[in-house]
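# Analysis of the macromolecular model
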Amino acid sequence: MTNSIREIPQSAGFLIIGSNTTENHPVIGSMIKNEVINNGKKLIVVDPRRIELSRYADYYFQIKPGTNIAILNGFMHVLITEGIYDKEYVNTRCEGFEQMAKVLEKYTPEYVADICGIDNPQDIVAAAKLMASLKPMALYYSMGITQFVSGVNGVKSTANLQMLLGNVGVPGGGVNPLRGQNNVQGACDMGALPNVYTAYQPVSSEENKAKFEAAWGVTNLSTKPGFTILEMFNNAIAGNIKAIYAMGENPVMSDPNQHHVIEALKSLEFFVVQDIFLTETAQFAHVVLPARSFLEKEGTVTNTERRVQLMHKVLPPVGEAKEDWWIVQEVARRMGATWDYKKAEDIFEEIRKVTPSYAGITYEKADNSIIQWPCPSYDHPGTQFLHKDKFSRGLGLFTPIEYTPPAEETDFEYPMILTTGRILDHFHTGTMTRKSKVLDENVHEGFIEINPNDAHNYNIENGEVISVSTRRGSIRIKAMVTDKIKPNTVFIPFHFFEACANVLTNDAIDPACKIPEYKVCACRIEKIEA
Amino acid sequence: MDTITFTIDNKKVQGERGQTVLEVALKNGINIPYLCYHPRISKTGACRICLVRINGTMLKASCVEPIVEGMNVVTEDEEIIKIRKFILELLLSDGDHNCLYCEANGECEFQALIQRYNIQEVKPSPTRIPKKIDYESSNALRRNENRCILCGRCVKACREIQVSNVWSFAERGSETHLVADDDKRIGESSCVKCGTCAQLCPTGALTFQTVIGRGANWELKRETSICIYCGVGCKIDFYKNKDNILVKAIGNYTGPNNGHLCVKGRFGFDFVHSEKRLKKPLIKKNGVFEEAEWDEALDLVAKKLTEIKEKYGPDSIAGLSSAKCTNEENYLMQKFIRSIIGTNNIDHCARL
């Protein structure tokens, strides 16, 4: 997030696009609900599913999955043609407006409504006018913006809109991605990515190579960016990747096109998994190393607003399970490393030395105060919101972006759109939540949301087990007939291995950031004849 | 900000315009008792337990009384004690408060005040009617309205924090009682089981199912950590019993969540006690996993990775780090893959 959770009361209104906030980030969802329902703030929601927040929205757009860019361009088209964008902000703090405005010309409300499947184009005009009146408006998004082959462009479009409205770099505004894992922000910050060291320092830079070789006392660092997860699996099948060491990941469940992932894991010469359970992925391992759960260890995690917090040890370890860092260190030592970290804090002190944005953060500060990176020195208070007064790069850059359709469009054979996501009571691959009594009792099995119209056409009853197929696979799953979902579109949560959404999903990826298109693919539903 | 100076019990204190007497008192360690007040919700001024004497004359509810320059506050005198006792006795006579059977025993705010003001057993009020007990309908929450003192914290927790508006009051006078939705049992209502109402309940009227049979409140130990689920990073006070079993999770007010939790953050942690947890390293031999000692497993991993690195080069090896692990662990994993293996093939589930 460019801004902070505690700024939610300062926003005059919210645009929620591609985020089912009350189910997937419920605590933030409730804070937004409080502002809208109890304090009269404005709300615009864009989502293919009639999510809870849509009920409180001033304007709700039930768009076709994969058409975010079109509707964002549509809002911006109105702001420009009506002359109600923040001209002073655009003139003084941004660049590239003319080029973008030219691309936006054709995104008239009628053109956009046709792409997105919106009945009344005038709603786009009215919503854009409302946005212009909200000072400031905060934009929140999640994987409903990013998990497309056009994911990077979707993110840039959200930034375009917020800059055009003058909402970046102000308290209560911002472009606020809600991150889905408790430490996905931290894992990225720490350089658990193929192209960057900590704090996004590119591996391709000779300067960074020299810096980290000096810090780590080695001479062998590579300047060639590595493979992303999906590329690792493709290259395993191609014979280029021979071994994978996986710490706490469950790609068999979480990655698209499950059959392909399993084929990749089976083709490895050596596969090590480090986890708290024998997951679907661990079944394919040669060696499984037992790790401690988060309650059995100490360390820091970084949340969606860049806030670094300290986790304390709550419970003693189970069996012989060890901290993940201890295990990695033991393997490294056996391969020649001279590492000697005695506790997590020793590692954190090293992180501070090589990570400019974390340099001023200590365990003491993370435990007792609100500390958000960038925090470059010990006496720095941390950063509540980014791009204050000027953007990190100087001027905010508008990027002209054209709408492009998803990788897989519906056709005669696969006539419906499948979209996937999470639900309130479960988390990701279900490894933890399905072993929690209350959560498992709340929702025990997977389901597919089908619009009543479609259910009628296919002669499907609520609760009936049906077959769902895509070009990659087929599953059987219970139908939930609900008008939460748009006609001709179905939704499956991906938590349930026995009705696994990722058997079906498309592994087509965004060319820039390699994110897979989980949110839209073509599918076919069929009644199972007795 | 306007700073206002005044005295509480002859002690000079300072607050900011808009604050109440109770807020400034609590900040200065002055222990005015209260029941319906809670810092996380709007002020009610209903229970009257927090009343104080202002400028030697007026009795006012300190939770809703704005501070004024030079005011003189007395938090307890004979008459105030008498009134507080009277209120506590009324509340006691209108419910069925038997601590022996109560999950809140030992951490009940009402019980603490009964003891503080040395209230003895009172006769049931003639207008008292037995109220609803709902221990079964929800797998998350328990409700016994005979312990309810009608403070309204749960109603406000659901309206202002979770914003689901499940709870409200029905009827009037001695018949006043809580209702979920249009008078449903909790398990059949629209409750999403965030548990904030039970967290704020000052008695045992609303409690968590998970506490049953897991030890007395005074036996529990508390430790604070951060939720494992989504990216909000809720700070949680975990309570465990003598056997190191988790009993309950309470939202911490200094975290980004400001005391709130969702159903996962409240009830989603018993997986750590699952029988299925891995307890020893496993090595697959002839297609079947067999338990191994750490040294054997670690030696094997190091040997195989070294062999593959020598035979096919460092770029034939890849590491998957995890958004479920700490910063320290992610840092070490990428350091291992980059400096010990010698490749940038490191990634995690950020995009998934």
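Residues numbered from 1 in each chain as written. Chains lettered and ligands numbered in written order. Predicted model: local features only at pLDDT ≥ 70, side-chain atom pairs only at ≥ 80, totals over all residues.

### Considering the overall build of chain B
- The helix and strand tally for chain B stands at 8 helices and 17 strands.
- For 352 residues, the compact-globule estimate of 2.2 N^0.38 gives 20 Å, and chain B exceeds it by more than 25% at 27 Å.
- Viewed in the frame of its principal axes, chain B has a C-alpha envelope of about 90 × 50 × 35 Å.
- Contacts in chain B between residues far apart in sequence, at least 24 positions, make up 57% of those at least 6 positions apart. (Helix = DSSP H or I, 4+ residues; strand = E, 2+ residues; numbered from the N terminus. Rg over C-alpha atoms; globule rule 2.2 N^0.38 Å. Contact = placed C-beta atoms within 7 Å.)

### Some details on the overall build of chain A
- Summing up its helical and strand segments, chain A has 19 helices and 18 strands in all.
- Taking 2.2 N^0.38 as the reference for a compact globule, 530 residues should give roughly 24 Å; the C-alpha atoms of chain A span a radius of gyration of 24 Å, in line with that estimate.
- Its C-alpha atoms give chain A principal-axis dimensions of about 65 × 65 × 45 Å.
- Buried positions account for 59% of the 530 residues belonging to chain A.
- Taking all contacts inside chain A whose residues are at least 6 apart in sequence as the whole, residues at least 24 apart take part in 69%. (Buried ≥ 20, exposed ≤ 12 C-beta atoms within 10 Å, placed from the backbone.)

### Points about the sheet that holds strand β7 (residues 141-144) of chain B
All names here are of chain B.
- Sheet architecture is open: 3 strands sit in the order β6-β7-β10, paired in antiparallel fashion. Bordering the open sheet on either side are β6 (133-134) and β10 (206-208), each of which pairs with just one other strand.
- Of the strand pairs in this sheet, β6 and β7 are connected by 2 bridges, and their pairing is antiparallel. What sits directly across from aspartate 134, in β7, is arginine 143. (Pairing = 2+ DSSP bridges.)

### Focus on unusual backbone geometry
- The step from Lys135(A) to Pro136(A) runs through a cis peptide bond, and the omega angle for that step is -5 degrees.
- Its location among the elements puts Pro136(A) in the loop between α7 (121-133) and β5 (137-141).
- Looking along the chain, the bond that leaves Trp373(A) and enters Pro374(A) is cis, with omega of 0 degrees.
- Phi at Asn55(B) takes a positive value of approximately 50 degrees, unusual for a residue other than glycine.
- Looking at where Asn55(B) falls in the secondary structure, it is placed in the loop between β3 (51-54) and β4 (58-61).

### Details of the domain arrangement of chain B
- Here chain B is partitioned into domain 1 (3-76), domain 2 (124-273), domain 3 (278-312) and domain 4 (316-352).
- Here the C-alpha centre of domain 4 of chain B lies 54 Å away from the C-alpha centre of domain 1 of chain B. (Domains from an automatic or database assignment.)

### Structural notes on the sheet that holds strand β6 (residues 175-177) of chain A
Residues and elements named next belong to chain A.
- Read from one edge to the other, the open sheet built from 5 strands follows the order β3-β2-β1-β5-β6, with strand pairing classed as parallel. Because the sheet does not close on itself, it has two edges, and the strands there are β3 (59-61) and β6. Between one strand axis and the next, the sheet turns by 15 degrees as a mean value, whatever way the strands run.
- Direction of pairing for strand β1 (residues 13-17) relative to β5: parallel, over a ladder of 5 bridges. (Axes fitted to C-alpha atoms, helices over the stretch in contact; angles between N-to-C directions.)

### With respect to the interface of chain A and chain B
- At the interface, 117 residues of chain A touch 94 residues of chain B.
- Per-class residue counts for the side of chain A that touches chain B are 64 nonpolar, 34 polar and 19 charged.
- As judged from the 2 bridges shared by strand β9 (residues 287-290) of chain A and strand β14 (residues 282-285) of chain B, these two strands associate in the antiparallel manner. Opposite Val287(A), over in β14(B), you have Ile283(B) as the bridge partner. (Nonpolar A, V, L, I, M, F, W, Y, C, P; charged D, E, K, R; others polar.)

### Examining the domain arrangement of chain A
All names here are of chain A.
- Considered domain by domain, chain A is made up of domain 1 (5-178), domain 2 (184-368) and domain 3 (416-527).
- Computed from C-alpha coordinates alone, the two centres of domain 2 and domain 3 are separated by 30 Å.
- At the interface, 15 residues of domain 2 touch 16 residues of domain 3.
- Elements with a minimum of two residues in the side of domain 2 that touches domain 3: α12 (229-237), α13 (251-254) and α14 (258-266).
- Of the residues assigned to the side of domain 2 that touches domain 3, the class counts are 4 nonpolar, 8 polar and 3 charged.

### Some points on the confidence of the model for chain B
- Of the residues in chain B, 100% reach a pLDDT of 70 or more, and the chain-wide mean stands at 96.
- ipTM for the predicted complex: 0.95, alongside a pTM of 0.95. (pLDDT = per-residue confidence, 0-100.)

### Observations concerning the pairing of strand β14 (residues 447-450) of chain A
- Sheet analysis places β14(A) next to strand β16 (residues 474-481) of chain A, joined by 4 bridges and oriented parallel. Note on β16(A): the bridge partner recorded for Phe447(A) is Lys478(A).

### Things to note about the nonpolar core
- Residues Phe75(A), Met131(A), Ile244(A), Val490(A), Tyr34(B) and Cys154(B) are the most contacted members of the largest nonpolar core, which totals 263 residues.
- Ranked by the residues each element gives to this core, the list is headed by helix α3 (residues 68-81) of chain A, at 8 residues.
- Setting aside anything within four residues of it in sequence, one finds Tyr34(B) in contact with Leu22(B), Cys47(B), Ile49(B), Cys50(B) and Cys63(B). (Core = buried A, V, L, I, M, F, W, Y, C linked by C-beta atoms within 7 Å.)

### What to know about the pairing of strand β13 (residues 246-251) of chain B
Residues and elements named next belong to chain B.
- The pairing of strand β12 (residues 235-240) with β13 spans 5 bridges and is antiparallel. By the bridge assignment for β13, tyrosine 239 is matched with lysine 248.
- Linking β12 back to β13 in an antiparallel pair, the connection comprises 5 residues, with asparagine 244 at a positive phi of about 60 degrees.

### A closer look at α3(A)
- Look at α3(A): 20 Å from first C-alpha to last across 14 residues, which is about the 20 Å you get at 1.5 Å a residue.
- Burial analysis of α3(A) places 12 of its 14 residues in the buried class, the great majority of the element. (Expected span 1.5 Å × (residues − 1).)

### Examining the environment of Ala112(B)
Residues and elements named next belong to chain B.
- Locating alanine 112 in the fold gives a position in helix α3 (residues 109-116).
- The class for alanine 112 is partly exposed, based on 13 C-beta atoms found within 10 Å.
- Sequence separation between alanine 112 and alanine 170 is 58 residues; the distance between their C-alpha atoms is 28 Å.

### With respect to α12(A)
- The complete set of buried residues in α12(A) reads Ile229(A), Leu230(A), Met232(A), Phe233(A) and Ala236(A). Take α12(A) and look down its axis: the buried residues cluster within an arc of 155 degrees, on one side only. (Arc of directions from axis to C-beta.)

### Considering the packing of α12(A) against α14(A)
All names here are of chain A.
- Between α12 and α14, the least distance of the axes is 8 Å, while the angle of their chain directions is 60 degrees. When the interaxial angle is binned, α12 and α14 end up oblique. Handedness of the crossing formed by α12 with α14: left-handed. Contacts between α12 and α14 involve Phe233, Ala236 and Ile237 from the first element and His260, Val261, Glu263 and Ala264 from the second.
- Taken together, the residues that form the contact of α12 with α14 break down as 5 nonpolar, 1 polar and 1 charged. (Parallel < 35°, antiparallel > 145°, perpendicular 65-115°, else oblique. Left-handed = near helix turned anticlockwise from the far one by under 90°.)

### A look at the environment of Leu15(A)
All names here are of chain A.
- Looking at where leucine 15 falls in the secondary structure, it is placed in strand β1.
- Judged by the 27 C-beta atoms lying within 10 Å of it, leucine 15 is buried.
- Along the chain, leucine 15 and isoleucine 44 lie 29 residues apart, while their C-alpha atoms are 4.8 Å from each other.
- When sequence neighbours within four positions are dropped, the list of residues in contact with leucine 15 reads Ile44, Met131, Met137 and Leu139.

### Structural notes on the environment of Gln19(B)
All names here are of chain B.
- Within the secondary structure layout, glutamine 19 lies in the loop between β2 (11-16) and α1 (21-27).
- The class of glutamine 19 is partly exposed, set by 15 C-beta atoms lying within 10 Å.
- It is 9.5 Å that separates the C-alpha atoms of glutamine 19 and isoleucine 4, two residues lying 15 residues apart in sequence.
- Non-local contacts of glutamine 19, meaning those with residues more than four positions away in its chain, are made with Val24 and Ile67.

### Looking at the packing of helix α6 (residues 109-116) of chain A against α7(A)
Residue and element names in this part refer to chain A.
- The N-to-C vectors of α6 and α7 enclose an angle of 115 degrees; their axes lie 8 Å apart at closest approach. Taken together, the axes of α6 and α7 are roughly perpendicular relative to one another. Here α6 runs over α7; the crossing is right-handed. Here Pro109, Glu110, Val112 and Ala113 of α6 come into contact with α7, specifically with Pro121, Gln122, Ile124 and Val125.
- Residues that form the contact of α6 with α7 fall into these classes: 6 nonpolar, 1 polar and 1 charged.

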